[in-house]
Amino acid sequence: MNKKLRVLISGGGTGGHIFPALSIAQALQRANPETEILFVGAQGRMEMEKVPAAGYRILALPISGLKRSLSPENLALPFKVLKSVRMAKRIIREFRPDIAVGVGGYASAPLLWAAERCGVPTLIQEQNSFAGLTNRILGRKADRICVAYSGMEKFFPAERIVMTGNPIRECMRPASGQMKAEGVEYYGLDPQRRHLLIMGGSLGSGTLNNSVMKWIEAGCPGGDGFDVLWQCGRYYKTMVDEFMAGKQAAAFVHHTDFIGRMDLAYAAADLLVSRSGASSVSEICAFGKAAIFVPSPNVTADHQTHNAMALVSRGAGEIVKDADAPAELMAKAAACIKDTARIREMEKNSLAMALPDASDAIVREIYKVIQ
């Protein structure tokens, strides 16, 4: 059995940071069930709810992000940073970690900065193909940088980079024919038709929702032969319910605010339309699915476009710009889903990019760093 460790895991803010962090924690406990894990998050952020729900202890730092618009809150940021660093140093003294792991998000900056200065080994998990500023700074002294894309030498010291992939849920694997049939039945789709999955995330995407509604208003051109499973998000659910009322011509469009069994939704889908956050891209590859990506423009350094292009450049996906989506997205999806040869090619290329055992690979690097 592997050595028992004491591990700090910091980061969060979005599901794209939190769920990979939880996957790493679970892999650490598979390596040794007695390993002690303490999470460090940001006050008021999603991780303060999700991490305890998964059975782990978490402490909060008062850190926050820089507002893009002029805001009085930005004036308080330096004081929050200083206080967070002091608190991080106290956490390190009291917990005495063998290593500190950063997964991105506000809290990872003060925690890993403090760890580096306290002589604690550090490991960064960079999820995107275009590294964020915080990780680029921390990566100068980090003992290991685990990445999911090639070409990351432009951001980090090459000798400390390891290609591991992004941690994803254990159930994310290529689906059998039986699982596909189960997914089709579970979501009430027609087994004789093809299936388009539109993923707007738990909150929803205004661009994707507007694109679908505009297509429905136009009479669903090209919509013969496939069903649509449309995750509109809880923020937009009431509006979409009202819009869909009486739309008999769109009876093959199934909308929902939340997809609980994401594994079955992936299994049922012949084509996906999705944003290109790091976790979504990694899950799509793990399932070996064809996808059309609509990168969100509301992210730092346009990293979702970089994520999408990593697949598009290898024939594993298509891309539509956010601004072009209302006019082009659904026409492109309707044409693509009927092109069986193109779908098969994208599926093959997507699966070839999958690194499904990333969590275990990262844990192996954690042990190497400590040893």
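No experiment lies behind these values; they were computed from the predicted model shown.

Colleague: So what's going on with the sheet that holds strand S12 (residues 291–293)? Residues and values would help.
Modeller: If you trace the 6 strands from one edge of the open sheet to the other, you get S10-S9-S8-S11-S12-S13, paired in parallel fashion. Looking along the sheet, the strands with just one partner apiece sit at the ends: strand S10 (253–256) and strand S13 (318–319). Alignment of strand S8 (residues 194–199) against strand S11 (residues 271–274), held across 4 bridges, turns out to be parallel. Bridged to Met199 within S11 is Ser274. Packing of helix H8 (residues 237–244) onto the sheet brings it into contact with strand S9 (226–231) and S10, and relative to S10 it is tilted by some 155°.

Colleague: Give a description of the pattern of salt bridges that names residues and reports values.
Modeller: Counted according to the given criterion, the structure contains 17 salt bridges. For Lys4, the salt bridge identified is with Glu36, shortest N-O distance 3.4 Å. In this pair, Lys4 is assigned in the segment before strand S1 (6–10) and Glu36 in strand S2 (residues 36–42), connecting sequence segments 32 residues apart. A salt bridge links Asp241 to Lys237, with the shortest nitrogen-to-oxygen separation between them at 3.0 Å. With a gap of 4 residues between them, Asp241 and Lys237 both fall in helix H8, about one helical turn apart. The exposure class of Asp241 is partly exposed, given its relative accessible area of 31%. Each of Lys4, Arg6 and Glu36 takes part in one network of salt bridges that share partners.

Colleague: Can you tell me about the layout of surface pockets, naming the residues and giving the values?
Modeller: In this structure, the second largest pocket occupies an estimated 370 Å³ of space. Along the wall of the second largest pocket there are 22 residues; nearest its centre are Ala148, Tyr149, Ser150, Arg314 and Met353. Sorting the residues of the lining of the second largest pocket by element identifies helix H10 (278–287) and helix H11 (303–312) as the ones contributing at least two each. Tallying contributions element by element places H10 first for the lining of the second largest pocket, with 4 residues. Split by residue class, the lining of the second largest pocket holds 13 nonpolar, 7 polar and 2 charged.

Colleague: How would you summarise the pairing of strand S3 (residues 57–61) if you had to cite specific residues and measurements?
Modeller: Where S2 meets S3, 5 bridges bridge the pair, whose relative direction is parallel. What sits directly across from Val40, in S3, is Leu59. Once you follow S2 into helix H2 (residues 47–53) and on to S3, the crossover reads as right-handed.

Colleague: Report on the packing of aromatic side chains, specifying residues and quantitative values.
Modeller: Enumeration over the complete set of coordinates arrives at 9 aromatic pairs. Consider the rings of Phe130 and Phe155, whose centres lie 5.0 Å apart with planes at 70°: the pair is edge-to-face. Of this pair, Phe130 sits in the loop between strand S5 (122–126) and helix H5 (133–138) while Phe155 is found in the loop between strand S6 (144–147) and strand S7 (161–163), placing the two residues 25 residues apart along the sequence. By relative accessible area, which is 14% here, Phe155 ends up buried. Taking 6.1 Å as the distance between ring centres and 85° as the angle between the ring planes, the aromatic pair formed by Trp215 and Phe252 counts as edge-to-face.

Colleague: Outline the sheet that holds strand S4 (residues 99–102), supporting the account with residue identities and numerical values.
Modeller: Pairing is parallel across the open sheet formed by 7 strands, whose spatial order is S3-S2-S1-S4-S5-S6-S7. Looking at strand neighbours, the two that pair on one side only are S3 and S7, the edges of this open sheet. Put simply, the sheet's adjacent strands are angled 25° from each other on average, direction ignored. Inspection of the sheet shows S1 paired to S4 by 4 bridges, in the parallel sense.

Colleague: Help me get a handle on unusual backbone geometry, residues and values and all.
Modeller: Unlike most non-glycine residues, Arg96 shows phi in positive territory, near 55°. Given the relative accessible area of 55%, Arg96 is considered exposed. Positive phi outside glycine occurs at Cys220, with the angle close to 55°.

Colleague: Please set out the nonpolar core residue by residue, giving values where relevant.
Modeller: Counting 61 residues, the largest nonpolar core has Leu8, Met152, Leu197, Met262, Tyr266, Leu272 and Leu311 as its most contacted members. Ranked by the residues each element gives to this core, the list is headed by helix H9 (residues 262–268), at 6 residues. In contact with Leu197, other than residues within four places in its own chain, are Leu229, Ile259, Met262, Ala265, Tyr266, Ala269, Leu271, Leu272 and Val273. Trp215, Cys220, Ile292 and Met330 belong to the second largest nonpolar core, which has 34 residues in total.

Colleague: Residue-level account of the side chain of Asp263, with values.
Modeller: For Asp263, the location among the structural elements is in helix H9. Ignoring any residue separated from it by four or fewer positions in sequence, one finds Asp263 in contact with Cys171, Met172, Met179 and Phe287.

What counts and what doesn't
- Residues numbered from 1 in each chain as written.
- Predicted model: local features only at pLDDT ≥ 70, side-chain atom pairs only at ≥ 80, totals over all residues.
- Heavy atoms only, no water.
- Pairing = 2+ DSSP bridges.
- Helix = DSSP H or I, 4+ residues; strand = E, 2+ residues; numbered from the N terminus.
- Contact = heavy atoms within 4.5 Å.
- Axes fitted to C-alpha atoms, helices over the stretch in contact; angles between N-to-C directions.
- Salt bridge = Lys/Arg side-chain N within 4 Å of Asp/Glu carboxyl O.
- Buried < 20%, exposed > 50% of the residue type's maximum accessible area, 1.4 Å probe, protein only.
- 1 Å grid on protein atoms, 1.4 Å probe; cavity = no way out; pocket = protein on both sides within 12 Å on 5 of 7 lines; lining within 4 Å.
- Points joined across faces, edges and corners; volume = space filled by probe spheres on them.
- Nonpolar A, V, L, I, M, F, W, Y, C, P; charged D, E, K, R; others polar.
- Right-handed = clockwise from strand over helix to strand, strands pointing away.
- Phe/Tyr/Trp six-rings, centres within 6.5 Å; stacked < 30°, edge-to-face > 60°.
- Core = buried A, V, L, I, M, F, W, Y, C linked by side-chain atoms within 4.5 Å.

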